[in-house]
Amino acid sequence: MTIISGKEVAAKLKQDIGAEVAEMVAKGIRRPYLVAVLVGNDGASQTYVGHKEKACHEVGFESKVVRMDESTTEEELLKVIDSLNKDPEVDGFIVQLPLPKHISEQKVIEAISPLKDVDGFNPENVGRMISGLDAYIPATPDGIMELLKYYQIETKGKHCVVVGRSNIVGRPIANLLSMKGYPGDCTVTICHSRTANLKEVVRQGDIVIAAIGQAEFVTADMIKEGAVVIDVGITRVPSDKTKSGFKLLGDVKYDEVAPKCSYITPVPGGVGPMTIISLMKNTLKAAKRRM
Ligand code: GUN
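Described below are features of the structure shown in this document. (Residues numbered from 1 in each chain as written. Predicted model: local features only at pLDDT ≥ 70, side-chain atom pairs only at ≥ 80, totals over all residues. Heavy atoms only, no water.)

**Section: helix H7 (residues 170–178)**
- Considered for burial, the residues of H7 that qualify are Gly170, Pro172, Ile173, Ala174, Leu176 and Leu177.
- Of the surrounding secondary structure, the elements contacted by the buried residues of H7 are helix H5 (123–130), helix H6 (139–150), strand E5 (159–163), strand E6 (187–191) and strand E7 (207–210). (Buried < 20%, exposed > 50% of the residue type's maximum accessible area, 1.4 Å probe, protein only. Helix = DSSP H or I, 4+ residues; strand = E, 2+ residues; numbered from the N terminus. Contact = heavy atoms within 4.5 Å.)

**A word on the nonpolar core**
- With 51 residues, the main nonpolar core has Ile17, Phe61, Ile144, Leu177, Ile209, Ile230 and Met280 as its most contacted residues.
- Among the elements that take part in this core, helix H10 (residues 271–288) stands out by supplying 9 residues, more than any other.
- When neighbours within four sequence positions are excluded, Ile230 is seen to be in contact with Ile4, Ile144, Leu148, Val208, Ile209, Ala210, Thr265 and Val271.
- In this structure, Val80, Leu84, Leu99 and Phe121 belong to the second largest nonpolar core, which totals 20 residues. (Core = buried A, V, L, I, M, F, W, Y, C linked by side-chain atoms within 4.5 Å.)

**Overview of the site of the ligand**
- All residues in the neighbourhood of the ligand are listed as Lys52, Val95, Gln96, Leu97, Asp119 and Phe121.
- Between the ligand and Val95 there is a distance of 2.8 Å, counted from a nitrogen atom to a backbone nitrogen or oxygen.
- A distance of 2.6 Å is found between a nitrogen atom of the ligand and a side-chain nitrogen or oxygen belonging to Asp119.
- Residues belonging to the shell around the ligand are distributed by class as follows: 3 nonpolar, 1 polar and 2 charged. (Near = heavy atom within 4 Å. Polar contact = N/O pair within 3.5 Å; in protein donor to acceptor, adjacent residues only side chain to side chain. Nonpolar A, V, L, I, M, F, W, Y, C, P; charged D, E, K, R; others polar.)

**Overview of the sheet that holds strand E4 (residues 92–95)**
- Read from one edge to the other, the open sheet built from 3 strands follows the order E3-E2-E4, with strand pairing classed as parallel. Two strands bound the open sheet, and with one partner strand each, they are strand E3 (62–68) and E4. Neighbouring strand axes in the sheet, compared pairwise and without regard to direction, differ in orientation by 15° on average.
- Pairing between strand E2 (residues 33–39) and E3: 7 bridges, direction parallel. Paired with Leu34 across the strands is Ser63, a residue of E3. (Pairing = 2+ DSSP bridges. Axes fitted to C-alpha atoms, helices over the stretch in contact; angles between N-to-C directions.)

**Regarding the packing of aromatic side chains**
- In this structure the tally under the stated criterion is 2 aromatic pairs.
- An angle of 70° between the planes, with centres 6.3 Å apart, marks the rings of Tyr151 and Tyr263 as edge-to-face. Placement of the pair is Tyr151 in the loop between H6 and E5 and Tyr263 in strand E11 (residues 263–264), with a sequence separation of 112 residues.
- Judged by relative accessible area, which is 22%, Tyr263 ranks as partly exposed.
- In this arrangement the basic side chain of Arg236 is found over the ring face of Phe246, its NZ or CZ atom lying 4.0 Å from the centre. (Phe/Tyr/Trp six-rings, centres within 6.5 Å; stacked < 30°, edge-to-face > 60°. Lys NZ or Arg CZ within 6 Å of the ring centre and 35° of its normal.)

So, in structure tokens, the structure goes:
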């Protein structure tokens, strides 16, 4: 059993991005510039945005966090998006999700210019990706593809079972893995809360992608011997053993599932660090539009 170290792969890819930025700067080209918009006080979102800001600094990007109050109206947020769309200095930006309940996430996503949509959530990017055209690929699915490539995990003809049908992870990764070429050529099944005989279906997976958002949902009896297990979950649960007062759990019951796997991603240190790298990749790609 091999533990997939997203931490290690992310560190390597971060170096590559940093080197490209240094090259740009040496040629007198302005550094890539990423803006993150954070509305409200969601604890996890503040942590994620902090990680994104730190990564920008490490690879040599300019970055800024626009912090807006929980009571921000949809109209106020759409105005900020409009000005970011028009700002020639800004290469790409994201609006951290989830948003406060009174703001329509879909409206916000659709307001972001597809050219600056480095999250790849705008329907134009989603449509382009599914059509196999050049697009910004959402960070988590892209991070998973990078891990499969790095560890040279065979995907051709494999049955990939994706558990979870979110627009951010489940649907896009299912699409990418069904595409022609490597890492792809999989036969893909998407499972969700209404799937009949879910355990039996997941047990057919040569590759299982767990993206349900429910801590330790996938148990050993759902996994075939020798499967590749990719755990996208990160649920914070209280813990008296850590300084922060919480610990992170994946969607997979790691201790009992790991011994059955050929490869598995841990939580933390698996998919998580890769998502940040993919956002950096997309921002670099956005900056290259002006080169
Ligand atoms: N919330 C959880 N994941 C993401 C992400 O990839 N992008 C944004 N904007 N919000 C998120």
